[in-house]
Amino acid sequence: MPNYKRILAAIDLSDETEAVLERAVAVASSDKAELHLVHVVEPLNLAYGGDIPMDFSSVQEQLQTQAEEALYKYAKHANIPTERCHLLSGRPDSQLHELSEALNADLVIVGSHGRKGLALILGSTANGVLHGATCDVLAVRVGQSK
């Protein structure tokens, strides 16, 4: 099997980011691949669907700023140059599909909680990425004790 050349690691900036980043760095290192990091900030109006008559713009700006700082912190920790960091806004699965195609990535790495039942039916980012990706997807199991 050929080595991966360009890897896109999606991080959610939670406590589980370290596990995903560690795996991404290991795969990129073993394949001598270029590693990109991405975080997608979901717009608050998507989460609330306009049900709450409020202006979320200042809160959204704060979320973007905090996400950018955290993304660069993780990138620095993993020795990933800032030009390979991507902070996007929108639905995570569709944004990851678009970016992976634009970068010509041959592997996308995401965290997965291994949801079951209703949570699985409602979907997850990992599931959405898997079913629309044009390249390989590695789902790193997170949030479970081993």
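Residues numbered from 1 in each chain as written. Predicted model: local features only at pLDDT ≥ 70, side-chain atom pairs only at ≥ 80, totals over all residues. Heavy atoms only, no water.

## So, unusual backbone geometry
Backbone geometry follows two general trends: most residues other than glycine have a negative phi, and most peptide bonds adopt the trans configuration.
Then comes step 1: Backbone geometry places Leu13, a non-glycine residue, at a positive phi of 65°.
Then comes step 2: Residue class for Leu13 comes out partly exposed when judged on its relative accessible area of 24%.
Then comes step 3: The backbone phi angle of Asn104 is positive, close to 60°, even though this residue is not glycine.
Then comes step 4: You can see Asn104 is positioned in the loop between α4 (92-103) and β4 (107-112). (Buried < 20%, exposed > 50% of the residue type's maximum accessible area, 1.4 Å probe, protein only. Helix = DSSP H or I, 4+ residues; strand = E, 2+ residues; numbered from the N terminus.)

## Focus: the side chain of Gln60
Then comes step 1: Looking at where Gln60 falls in the secondary structure, it is placed in helix α3 (residues 57-77).
Then comes step 2: Look past the residues within four positions of Gln60 in its chain and what remains in contact with it is Val41, Glu42, Pro43 and Leu44. (Contact = heavy atoms within 4.5 Å.)

## Section: the layout of surface pockets
Then comes step 1: Taken as a whole, the largest pocket holds about 580 Å³ of empty space.
Then comes step 2: Considering the residues around the largest pocket, the lining is formed by 26 residues, among which Ile11, Asp12, His39, Val40 and Pro92 are closest to the centre.
Then comes step 3: Of all the secondary structure elements, the ones that give two or more residues to the lining of the largest pocket are α1 (17-31), β2 (34-41), α3, α4, β4 and α6 (125-132).
Then comes step 4: For the lining of the largest pocket, the leading source of residues is β2, giving 4 residues.
Then comes step 5: Among the residues making up the lining of the largest pocket, the classes are represented as 14 nonpolar, 8 polar and 4 charged. (1 Å grid on protein atoms, 1.4 Å probe; cavity = no way out; pocket = protein on both sides within 12 Å on 5 of 7 lines; lining within 4 Å. Points joined across faces, edges and corners; volume = space filled by probe spheres on them. Nonpolar A, V, L, I, M, F, W, Y, C, P; charged D, E, K, R; others polar.)

## Here's the deal with the sheet that holds β2
Then comes step 1: Across the sheet, which stays open at both edges, the 5 strands sit in the order β3-β2-β1-β4-β5 with parallel pairing between neighbours. Only two strands of the sheet have a single neighbouring strand rather than two, namely β3 (85-89) and β5 (136-141). Averaged over all pairs of adjacent strands, the angle between their axes in this sheet comes to 25°, without regard to strand direction.
Then comes step 2: With 5 bridges joining them, strand β1 (residues 6-10) and β2 adopt parallel strand pairing. Paired with Ala9 across the two strands is Leu37, which belongs to β2. (Pairing = 2+ DSSP bridges. Axes fitted to C-alpha atoms, helices over the stretch in contact; angles between N-to-C directions.)

## Focus on the nonpolar core
Then comes step 1: Ranked by size, the top nonpolar core spans 22 residues in total, and within it Ile7, Leu35, Leu37, Ile80 and Ile109 carry the most contacts.
Then comes step 2: Here this core takes 5 residues from α1, the largest share from any one element.
Then comes step 3: Residues Leu99, Leu103, Ala105 and Cys135 belong to the second largest nonpolar core, which totals 13 residues. (Core = buried A, V, L, I, M, F, W, Y, C linked by side-chain atoms within 4.5 Å.)

## Details of the pattern of salt bridges
Then comes step 1: Scanning the entire structure with this criterion turns up 2 salt bridges.
Then comes step 2: Where Asp93 meets Arg91, a salt bridge forms, and the shortest distance between an N and an O atom there is 3.3 Å. (Salt bridge = Lys/Arg side-chain N within 4 Å of Asp/Glu carboxyl O.)

## Observations concerning α3
Then comes step 1: Its 21 residues give α3 an end-to-end C-alpha distance of 30 Å, which sits within 8% of 30 Å, the value for a rise of 1.5 Å per residue.
Then comes step 2: Asn79 occupies a position one or two residues after α3 and carries a positive phi of about 60°. (Expected span 1.5 Å × (residues − 1).)

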